[in-house]
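Examination of the molecular architecture
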Amino acid sequence: MKPAFDVRELAVPGIRGLQPYQPGKPLEELEREYGIRNAIKLASNENPLGPSPLALAAVQNALGDLARYPDGSGILLKNALAQKLGVLPAQITLGNGSNDILELAARIFVAPGEKVLFSEYGFAIYPIATQAVGGTAVIVPVRDWGHDLAAMRRALSPDLKLIFLANPNNPTGTWFNEQVLEEFLAAVPAQTIVLLDEAYFEYVTEPGYPDGLTLLPKYPNLVVTRTFSKIYGLAGLRVGYGISSPEIADLFNRTRQPFNVNSLAQLAAIAALQDTAHFYRSREVNSDGMRQLMEGCARLGLVFIPSAANFISVGLDRPGAQVYEALLREGVIVRPLASYSMPRHVRVTIGVPEENRRFLAALGKILK
Ligand SMILES: *Cc1c(COP(=O)(O)O)cnc(C)c1O
């Protein structure tokens, strides 16, 4: 029997207004829909080298144990991270991707109607996580496409519950320096949580770029998040983490699902941490590829937003959706940015040299 109303109306107010996150188009889908082969995906800021062979071996070795629940406390991974980062295991919260930590922060600290502050063109999950808990977004306009921390400081108020900062930010690649961050944190009320999202931390080589972990002792209201999805090449396994005071970590650990990080992800992440050669190779491929794409875009007369991460957002003289579609037909998946209110940009992930070359050639052909 058909109900007299749309069952979606039964959802709580925050969920009713939710717009789903728009992921990058999967390669298989493009190849199937367009009848193309050898397509390349430069749309989701994944590591073009893939994961460390050590991580793959760890996954292979663990397949026999899949009937078992994972270690719900993730103690081996937390110990490995604690040792590498110079923090206590009790300061770490493991997440099903760092996305998990972002959503938990909203659930833990924001009640319906309460305020969450973030930047215009901030990462797409910040408005979604805010909306899902019925929070009220306070959005501060950017300056030169990046977080304007001076303006965000002026937007501070004692009733603010949570602040999302991304350094570097996605989709703009912009970053802020240590002094600007410190001035901001010093002005934030002690009862407001600051979530500093460092998903691209490992890629940044710019002098003056801050390491959020060094600020934790001074700011007990600070949470830093990082991930194995980007430089470590493990996006498909879903593992990220938050680092905070043990008290905040306790809140996260009480709220998260008991087995939120699967066993393969835990083992792969531990192995990935040990492969420093793969880590440095990944950084080098990225900085070389960044140079290749910047030079290529300049040759095409395109203006791009300078980026400290593993992607670059390119400005266009026509709708990005049109260029995105045309690139699909050339077998190149990038990310259109209309959903970020950047309708004349596309974001491209740095690939290996041949992928970057194919992107630039296809773009040149389209824009000619
Ligand atoms: C990719 C990304 C994340 C999180 O990715 P996970 O796969 O969930 O760890 C978080 N923040 C930003 C800014 C990102 O670009």
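Before reading on, note that the structure itself is shown above.
Reference entry: report on the structure contained in this document. (Residues numbered from 1 in each chain as written. Predicted model: local features only at pLDDT ≥ 70, side-chain atom pairs only at ≥ 80, totals over all residues. Heavy atoms only, no water.)

**Focus: the packing of aromatic side chains**
This model, assessed by the stated rule, comprises 13 aromatic pairs. Between the aromatic rings of Tyr21 and Phe123, the centroid separation amounts to 6.5 Å while the plane-to-plane angle is 70 degrees, which identifies the pairing as edge-to-face. Remark: Phe123 occurs in the loop between strand S3 (115-119) and helix H6 (125-132) and Tyr21 occurs in the loop between helix H1 (13-16) and helix H2 (27-34); sequence separation between them is 102 residues. Among the residues examined, Tyr21 registers a relative accessible area of 34% and is labelled partly exposed. (Phe/Tyr/Trp six-rings, centres within 6.5 Å; stacked < 30°, edge-to-face > 60°. Helix = DSSP H or I, 4+ residues; strand = E, 2+ residues; numbered from the N terminus. Buried < 20%, exposed > 50% of the residue type's maximum accessible area, 1.4 Å probe, protein only.)

**Let's talk about helix H9 (residues 246-255)**
Restricting attention to buried positions, one finds in H9 the residues Ile248, Ala249 and Phe252. The buried residues of H9 occupy an angular sector of 100 degrees when the element is viewed end-on, so they sit on one face. Of the exposed residues in H9, the ones pointing more than 90 degrees away from its buried face are Glu247 and Arg254. Buried positions along H9 lie against strand S2 (92-95), helix H5 (98-109), strand S6 (193-197) and strand S7 (222-227). (Arc of directions from axis to C-beta. Contact = heavy atoms within 4.5 Å.)

**Some points on the site of the ligand**
In the region of the ligand, the neighbouring residues are Gly97, Ser98, Asn99, Phe123, Asn170, Asp197, Ala199, Tyr200, Thr227, Ser229, Lys230 and Arg238. Protein coverage of the free-state accessible area of the ligand, which is 380 Å², stands at 94%. When the residues that make up the shell around the ligand are grouped by side-chain class, the tally is three nonpolar, six polar and three charged. (Near = heavy atom within 4 Å. Areas by Shrake-Rupley, 256 points an atom, 1.4 Å probe, with all protein chains shown as cover. Nonpolar A, V, L, I, M, F, W, Y, C, P; charged D, E, K, R; others polar.)

**Here we look at the packing of H5 against H6**
Between H5 and H6, whose axes approach to 9 Å, the crossing angle comes to 40 degrees. Overall, the two elements H5 and H6 adopt an arrangement that is oblique. The element H5 and its partner H6 pack so that their crossing is right-handed. Across the interface between the two elements, Asn99, Leu102, Glu103 and Ala106 from H5 touch Ile125, Tyr126 and Ala129 from H6. A breakdown of the residues in the contact of H5 with H6 according to their chemical character gives five nonpolar, one polar and one charged. (Axes fitted to C-alpha atoms, helices over the stretch in contact; angles between N-to-C directions. Parallel < 35°, antiparallel > 145°, perpendicular 65-115°, else oblique. Left-handed = near helix turned anticlockwise from the far one by under 90°.)

**Some remarks on the pattern of salt bridges**
Applying the stated criterion across every chain yields a total of 15 salt bridges. A salt bridge links Asp288 to Arg291, with the nearest nitrogen and oxygen atoms 3.7 Å apart. One end of the pair, Asp288, and the other, Arg291, are both in helix H11 (residues 276-299), three residues apart, so they sit about a helical turn from each other. Residues participating in the shared-partner salt-bridge network are Lys25, Glu29 and Glu33. (Salt bridge = Lys/Arg side-chain N within 4 Å of Asp/Glu carboxyl O.)

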